[in-house]
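Secondary and tertiary structure notes
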Amino acid sequence: MGGTPGEDLAGKQVILGVTGGIAAYKAPLVVRGLKSLGIDVRVVMTDASRYFVTPTTLQTLSGRPVHTELFPETPPGAFEVEHIALADRADLLLIAPATADFIAKMAHGIADDLLSCIALATKAPVLVCPSMNVNMYLHPATRENLDILQKRGVFILEPASGELACGWEGAGRLPEPERIVAESKKILYQKDLAGISLLVTCGPTCEDIDPVRFITNRSTGKMGAALVEAAGLRGARVKVISGPVNREYAPWADVIMVRSAGQMLDAVRDNLSGADVLVMAAAVADYVPETYRGAKIKKGDKLTSLGLKSSPDILSTIRPFKDDKFFVGFAAETDNLSDSARKKLMNKGLDMIVANRVGESGTGFGSDTNSGLILSEAGVLDHFEQVEKEVLAHRILDFIRERL
Ligand code: PMT
């Protein structure tokens, strides 16, 4: 598919500024992560950073010469003012790790090496990832310098806490490269959903029979997680209500974990008022045990059947509170995809429904891809066949955005 804003980061240029802290050893992994998104990475190193990681490593991984000098020798015929050229071409200046010294320089406009000149000259967004000893990080000078940067619109990725290389415990660890790459990706995306609040339900529900057993379904939360990730990248505020899943949602999402259909209903009801859009990607139980048995059902009890009752239908229950919110449902169907989905669209008062085939490989529960169609009251909006869930998520969001 094409045309999704920000979907393709290929060709975007990121300057990775590496400063002189021990966490510089993670910089090669940041380069790899960014490159895997098709991003053109230009590494700029301070003198001190070369004690911790070599230009050769970063050059090899980025596939570009590493920049270290403010006054490099320039080959004849290719003259440009390097720090200005780099600053102008950048779509993002990422500084990881950023030492206390470099943060102080940025806060006070000191430009005495290549990287600090670029930081002063660039009009691109800047993401700073501080990493240092906990006492240096908590020192009022560093706190004030970070405040200054934040007020100027610089993005700060707070360091993680834990055991530090210097032997101290506390805040100061550079976040994992995957997290730095995810934050960079988020900044690079076009924010066409800024100002929109999305409430997304994901995963299965688990309905307990006794302390040992429960009824559940095959949902892994992958489809929901793709929507959460895509919406956040495009600037939406995202809240997730998730049944038990074995995955982490995008770091910027506010996640509420629930277990049963009843708990999911309560959570949706409690959080609906702040949302502009509700997407019900969760596979909610239709039937739950009539009674929960507080003691384990024993083999000797000779149980032959299980009494079930209907669970609350979340979408139908919250329908009276819809107002001008945009409701999107999913329909998991093994047959009569279009007709069944249309009925659900009407019966549950939805604005849009994503009908996906289940029960075959490459679609529905647990798979990386999905097949089916997207419907509104006006008719079929789209057919999709074995489309990656990440790509489908953007497509669904495109349709939502057009209709808001
Ligand atoms: O999580 P994955 O492994 O990636 O799998 C994705 C998925 C197959 C679970 C997802 O794409 C999907 O189809 N989710 C909806 C599954 C489902 O419950 O479909 P349904 O046809 O039974 O329900 C229709 C709609 O009503 C759904 O939006 C559902 O969330 C909602 N519902 C269902 C039951 C209930 N008691 N209350 C509800 O609100």
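Rules and cut-offs
Residues numbered from 1 in each chain as written. Predicted model: local features only at pLDDT ≥ 70, side-chain atom pairs only at ≥ 80, totals over all residues. Heavy atoms only, no water. Disulfide = S-S within 2.5 Å. Buried < 20%, exposed > 50% of the residue type's maximum accessible area, 1.4 Å probe, protein only. Pairing = 2+ DSSP bridges. Helix = DSSP H or I, 4+ residues; strand = E, 2+ residues; numbered from the N terminus. Contact = heavy atoms within 4.5 Å. Axes fitted to C-alpha atoms, helices over the stretch in contact; angles between N-to-C directions. Core = buried A, V, L, I, M, F, W, Y, C linked by side-chain atoms within 4.5 Å. Near = heavy atom within 4 Å. Polar contact = N/O pair within 3.5 Å; in protein donor to acceptor, adjacent residues only side chain to side chain. Areas by Shrake-Rupley, 256 points an atom, 1.4 Å probe, with all protein chains shown as cover. Nonpolar A, V, L, I, M, F, W, Y, C, P; charged D, E, K, R; others polar. Parallel < 35°, antiparallel > 145°, perpendicular 65-115°, else oblique.

Let's talk about the state of the cysteines
- Inspection of every chain in the model, using the stated rule, returns 0 disulfides.
- Among the cysteines around Cys206, which has no disulfide bond, Cys202 carries the closest sulfur, lying 14 Å off.
- Given a relative accessible area of 6%, Cys206 falls into the buried group.

Topic: the sheet that holds strand β4 (residues 126-130)
- If you walk across this open sheet you meet the 5 strands as β2-β1-β3-β4-β5, and the pairing is parallel. Both outer strands of the open sheet, β2 (40-45) and β5 (155-156), are each paired with one neighbouring strand and no more.
- In this structure, strand β3 (residues 92-98) lies alongside β4, joined through 4 bridges in parallel fashion. Across the sheet, the residue bridging to Leu94 is Leu127, located in β4.
- Packing of helix α2 (residues 55-62) onto the sheet brings it into contact with β1 (13-18) and β2, and relative to β2 it is tilted by some 170 degrees.

Thoughts on unusual backbone geometry
- Look at the link from Ala96 to Pro97: it is a cis peptide, with omega at -5 degrees.
- Residue Lys302 is not a glycine yet carries a positive backbone phi of 50 degrees.
- Along the polypeptide, Lys302 turns up in the loop between β14 (287-289) and β15 (308-310).
- Classification of Lys302 as exposed rests on a relative accessible area of 66%.
- A positive phi angle is found at Gln386, which is not glycine, with a value near 45 degrees.
- Turning to its location among the elements, Gln386 is positioned in strand β19 (residues 379-388).

Some words on the nonpolar core
- In this structure, Leu94, Leu198 and Ile396 are the most contacted members of the largest nonpolar core, which totals 68 residues.
- For this core, the element with the highest residue contribution is helix α9 (residues 222-233), accounting for 8 residues.
- When near neighbours in sequence (up to four residues on either side) are disregarded, Leu198 contacts Ala231, Ala236, Arg237, Val238, Lys239, Val277, Val279 and Leu397.
- Grouped together as the second largest cluster of nonpolar side chains are 29 residues, Leu70, Ala124, Val126 and Val154 included.

Focus on helix α5 (residues 114-121)
- For α5, the buried fraction is high: 6 of the 8 residues fall into the buried class.
- Every buried residue of α5 is listed here: Leu114, Leu115, Ser116, Cys117, Ile118 and Ala119.
- Structurally, α5 contributes buried residues whose contacts are with β1, β2, α3 (82-89), β3 and α4 (100-107).

Points about the site of the ligand
- Taken together, 28 residues lie near the ligand, and Ser219, Thr220, Lys344, Asn356 and Gly366 sit nearest.
- Between Lys222 and the ligand, the recorded distance is 3.3 Å, taken from a backbone N or O atom to an oxygen atom.
- Take Lys344: an N or O atom from its side chain is 2.5 Å from an oxygen atom of the ligand.
- In the complex, the protein chains occlude 97% of the 770 Å² of accessible area that the ligand would expose alone.
- Within the residue set of the shell around the ligand, elements represented by two or more residues are α9, α11 (314-318) and β16 (326-333).
- With 4 residues, β16 is the single largest residue contributor to the shell around the ligand.
- Here the shell around the ligand is composed, by residue class, of 14 nonpolar, 8 polar and 6 charged.

Let's talk about the sheet that holds β19
- Here 8 strands make up an open sheet; going across it, the order is β12-β11-β8-β13-β16-β17-β18-β19 and the pairing mixed. A strand with exactly one partner marks an edge of an open sheet, and here the two such strands are β12 (254-257) and β19. The sheet shows a mean angle of 15 degrees between the axes of neighbouring strands, taken without regard to direction.
- Note that strand β17 (residues 352-357) and strand β18 (residues 369-376) share 5 bridges and pair antiparallel. Across the sheet, the residue bridging to Ala355 is Leu373, located in β18.
- Sheet strands in contact with α9 are β8 (197-202), β11 (237-242), β13 (277-280), β16 and β18, and its direction is about 165 degrees off that of β8.

Some points on the pairing of β18
- A large share of β18 lies buried, amounting to 8 of its 8 residues.
- Pairing geometry for β18 and β19, over 7 bridges, is antiparallel. By the bridge assignment for β19, Leu375 is matched with Val380.
- Between the antiparallel neighbours β18 and β19 lie 2 residues.

Quick notes on the packing of helix α1 (residues 27-35) against α2
- Interaxial distance between α1 and α2 falls to 9 Å at its minimum, and their mutual angle equals 10 degrees. Regarding the angle of α1 to α2, the classification is roughly parallel. Contact with α1, carried on its side by Ala27, Pro28, Val31, Arg32 and Lys35, involves Thr57, Leu58, Leu61 and Ser62 of α2 and no other residues of that element.
- A per-class count over the contact of α1 with α2 returns 5 nonpolar, 2 polar and 2 charged.

Purely spatial values, then, with no claim about function.
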